[in-house]
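Chain residues, written in single-letter form:
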Amino acid sequence: MKNITNEIFYVGVNDHKIDLFEGHYIVPNGMAYNSYVIMDEKIAIMDSVDADFAEEWLGNIEEVLGDRTPDYLVVQHMEPDHSANIVNLVKKYPDITVVGNAQIFNMMKNFFPNDSIDNTKVVTNGETLSLGKHELKFVFAPMVHWPEVMVTYDTADKVLFSADGFGKFGALDAEEEWACEARRYYFGIVGKYGAQVQTLLKKLSELEVNTICPLHGPVLTENLSYYIDLYNTWSSYEAESEGVMIAYTSVYGNTKKAVLKLEEYLKEEGCEKVVVCDLAREDMAEAVEDGFRYGKIVLATTTYNMDIFPYMREFIEALTLRNYQNKRIGIIENGSWAPTAAKVIKGLFENSKNIEWADTTVTIISALKDENDAELRRLAKDMMK
């Protein structure tokens, strides 16, 4: 098993069988379900793994423990991909004490209604648990991204066990850039709760952290400011990258033609990064990721049943559900007899904070005309303000 420090070991598993994480997110490189063992005078296991990997996980633990038995299982988060094997562990080690907060134990009764766990320790926010050399401090993190969540700080090795924070899609044996799949994971799963993430980051700023051990994705050991700064940007709903995203739907290709012209004019105006996304064909989670990444976005779509094209509505609702804010938005609408897309789009953002609308809205009646070309040029200038 992998050493995190001299006394902390990785005992998690890789899942390459999964196709949709949470039944929703495409994960071409699988998922990691992370768990850790702290070896000291007393032994603590940090979290469990998905139900399909009980035998592998228990085997990993046994390999680290040797002839010893664990004293504690610390449960930080009750989502089943991290808690499914709690009862299996207790059956194998009946003297183990399960550690969690009050909400965790309430959820545990709901997930395991037919099983009783006799040895429990309910901890409060800021409480500590001594293993010997290692002292664990529990920091509550409600709604990051479930109400019972807590993170754990090991004062000896200055390790933060961060629950779902700083997690990413992808198994640990997949070679891929951290930020892309961590960003898609964050905005897909945690993005609604930026204020709560900000609260947790403030608490963590008071701790000296050398290593971050999340429940998904790799253990982070170097240049931690890079990851923390990204989390601060994401949870503040600020733009991470300079550029313009154009998200569009097109039925017969006319709206797409307008989008491609706008892409050309944006580059003429000096925009170095233009991301064009066909919402009918791209993974929606990827589109949402880019929608948050860039500070400027153009929405181009057709009027459809006096509303907007379904993929555009799905995209906008995915953004607003996650507290989309602090953006400049331009609109291209198309309609053959009664274009209403712009009105509908603006209505969908009426509860979003700090949305700045571009001065120019491009309205196409069926096909592009000369006046639309001039409008697209003006829109490009507007977006570059």
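Structure: above.
Residues numbered from 1 in each chain as written. Predicted model: local features only at pLDDT ≥ 70, side-chain atom pairs only at ≥ 80, totals over all residues. Heavy atoms only, no water.

1. What about the packing of helix 5 (residues 178-190) against helix 9 (residues 284-293)?
Part 1 of the argument: Orientation of helix 5 relative to helix 9, taken along the N-to-C sense of each, is 95°, at an axis distance of 9 Å. Between helix 5 and helix 9, the angle is such that the two are roughly perpendicular. In this structure, helix 5 uses Cys-180, Glu-181, Arg-183, Arg-184 and Phe-187 to contact helix 9, whose residues at the interface are Ala-285, Glu-286, Val-288, Glu-289, Phe-292 and Arg-293.
Part 2 of the argument: Taken together, the residues of the contact of helix 5 with helix 9 break down into five nonpolar, no polar and six charged. (Axes fitted to C-alpha atoms, helices over the stretch in contact; angles between N-to-C directions. Helix = DSSP H or I, 4+ residues; strand = E, 2+ residues; numbered from the N terminus. Parallel < 35°, antiparallel > 145°, perpendicular 65-115°, else oblique. Contact = heavy atoms within 4.5 Å. Nonpolar A, V, L, I, M, F, W, Y, C, P; charged D, E, K, R; others polar.)

2. Observations regarding empty space enclosed by the protein
Part 1 of the argument: One pass over the full model with this rule turns up one cavity of 30 Å³ or more.
Part 2 of the argument: If you add up the space inside the largest cavity, you get close to 60 Å³.
Part 3 of the argument: Lining of the largest cavity is provided by Val-144, Val-151, Ser-162, Gly-165, Phe-166, Val-197, Leu-200, Leu-201, Leu-204 and Tyr-231.
Part 4 of the argument: Take the lining of the largest cavity: its biggest share by element is four residues, from helix 6 (residues 194-204).
Part 5 of the argument: Looking at side-chain class alone, the lining of the largest cavity contains eight nonpolar, two polar and no charged residues. (1 Å grid on protein atoms, 1.4 Å probe; cavity = no way out; pocket = protein on both sides within 12 Å on 5 of 7 lines; lining within 4 Å. Points joined across faces, edges and corners; volume = space filled by probe spheres on them.)

3. Some points on the nonpolar core
Part 1 of the argument: One finds Phe-21, Met-108, Leu-299 and Phe-315 to be the most contacted residues of the largest nonpolar core, which totals 118 residues.
Part 2 of the argument: The element contributing the most residues to this core is helix 5, with eight residues.
Part 3 of the argument: Ignoring anything within four residues of it in the chain, the contact list for Phe-21 reads Val-27, Met-31, Tyr-33, Asp-81, Phe-169, Tyr-185, Ile-189 and His-216.
Part 4 of the argument: If you look at the next biggest cluster of nonpolar residues, it comprises 20 residues, including Tyr-248, Val-259, Ile-364 and Leu-379. (Core = buried A, V, L, I, M, F, W, Y, C linked by side-chain atoms within 4.5 Å. Buried < 20%, exposed > 50% of the residue type's maximum accessible area, 1.4 Å probe, protein only.)

4. Some points on the layout of surface pockets
Part 1 of the argument: Reported here for the largest pocket is a volume of approximately 370 Å³.
Part 2 of the argument: Contributing to the lining of the largest pocket are 18 residues, with Thr-302, Thr-303, Gly-335, Ser-336 and Trp-337 lying nearest its centre.
Part 3 of the argument: Among the elements of the structure, helix 8 (254-268) and strand 18 (294-304) are those that each provide at least two residues to the lining of the largest pocket.
Part 4 of the argument: Split into classes, the residues belonging to the lining of the largest pocket amount to seven nonpolar, eleven polar and no charged.

5. Here's the deal with the pairing of strand 13 (residues 150-154)
Part 1 of the argument: Across the five residues that make up strand 13, a large majority, five, are buried.
Part 2 of the argument: Because side chains alternate across strand 13, one face comprises the buried residues Met-150, Thr-152 and Asp-154, and the other comprises Val-151 and Tyr-153, equally buried.
Part 3 of the argument: Sheet analysis places strand 12 (residues 135-140) next to strand 13, joined by five bridges and oriented antiparallel. Counterpart to Phe-138 in the pairing with strand 13 is Thr-152. (Pairing = 2+ DSSP bridges.)

6. Some points on the packing of helix 9 against helix 10 (residues 310-321)
Part 1 of the argument: Across the interface, helix 9 lies against helix 10 with an axial gap of 10 Å and an inter-helix angle of 55°. With respect to their mutual orientation, helix 9 and helix 10 come out oblique. The hand of the helix 9/helix 10 crossing is right-handed. Residues Met-284, Ala-287, Val-288, Gly-291 and Phe-292 of helix 9 form the contact with helix 10, whose participating residues are Tyr-311, Glu-314, Phe-315, Ala-318 and Leu-319.
Part 2 of the argument: Counted by class, the contact of helix 9 with helix 10 contains eight nonpolar, one polar and one charged residues. (Left-handed = near helix turned anticlockwise from the far one by under 90°.)

7. Focus: helix 10
Part 1 of the argument: Given a rise of 1.5 Å per residue, twelve residues ought to cover 16 Å, and the 16 Å separating the end C-alpha atoms of helix 10 matches this to within 8%.
Part 2 of the argument: When we look at burial in helix 10, the residues that qualify are Met-312, Phe-315, Ile-316, Ala-318 and Leu-319. Down the axis of helix 10, the smallest arc covering the buried residues is 155°, so these residues share one side.
Part 3 of the argument: Looking one or two places after helix 10, you find Asn-323, whose phi comes out positive at around 65°. (Expected span 1.5 Å × (residues − 1). Arc of directions from axis to C-beta.)

8. Notes on the pattern of salt bridges
Part 1 of the argument: Inspection of every chain in the model, using the stated rule, returns 21 salt bridges.
Part 2 of the argument: Across the salt bridge formed by Glu-289 and Arg-183, the nearest N and O atoms sit 2.7 Å from each other. Of this pair, Glu-289 sits in helix 9 while Arg-183 is found in helix 5, placing the two residues 106 residues apart along the sequence.
Part 3 of the argument: With a relative accessible area of 2%, Glu-289 lands in the buried category.
Part 4 of the argument: Residue classification places Arg-183 among the buried positions, given a relative accessible area of 2%. (Salt bridge = Lys/Arg side-chain N within 4 Å of Asp/Glu carboxyl O.)

9. What about the environment of His-134?
Part 1 of the argument: Looking at where His-134 falls in the secondary structure, it is placed in the loop between strand 11 (128-130) and strand 12.
Part 2 of the argument: Taking the C-alpha atoms as reference, His-134 lies 23 Å from His-82; in sequence the two are 52 residues apart.
Part 3 of the argument: When neighbours within four sequence positions are excluded, His-134 is seen to be in contact with Glu-7, Ile-38, Met-39, Asp-40, Leu-129, Asp-154, Ala-156 and Asp-157.
Part 4 of the argument: Of the polar contacts made by the side chain of His-134, one reaches the side chain of Glu-7; its length is 3.2 Å. (Polar contact = N/O pair within 3.5 Å; in protein donor to acceptor, adjacent residues only side chain to side chain.)

10. Observations concerning the sheet that holds strand 10 (residues 120-122)
Part 1 of the argument: With mixed pairing, the six strands of this open sheet are ordered in space as 1-6-7-8-9-10. Each having just a single partner strand, strand 1 (8-10) and strand 10 make up the two edges of the open sheet. Looking at each pair of strands side by side, their axes are set apart by 20° on average, direction ignored.
Part 2 of the argument: With three bridges joining them, strand 6 (residues 36-38) and strand 7 (residues 44-46) adopt antiparallel strand pairing. For Val-37, the partnering residue across the bridge sits in strand 7 and is Ile-45.
Part 3 of the argument: With respect to the sheet, helix 1 (residues 54-65) is in contact with strand 1, strand 6 and strand 7, its orientation differing from that of strand 6 by roughly 25°.

11. Thoughts on unusual backbone geometry
Part 1 of the argument: The residue after Val-144, namely His-145, is reached through a cis peptide bond having omega 5°.
Part 2 of the argument: Tracing the backbone shows His-145 in the loop between strand 12 and strand 13.
Part 3 of the argument: One non-glycine residue with positive phi stands out, namely Met-143, at about 65°.

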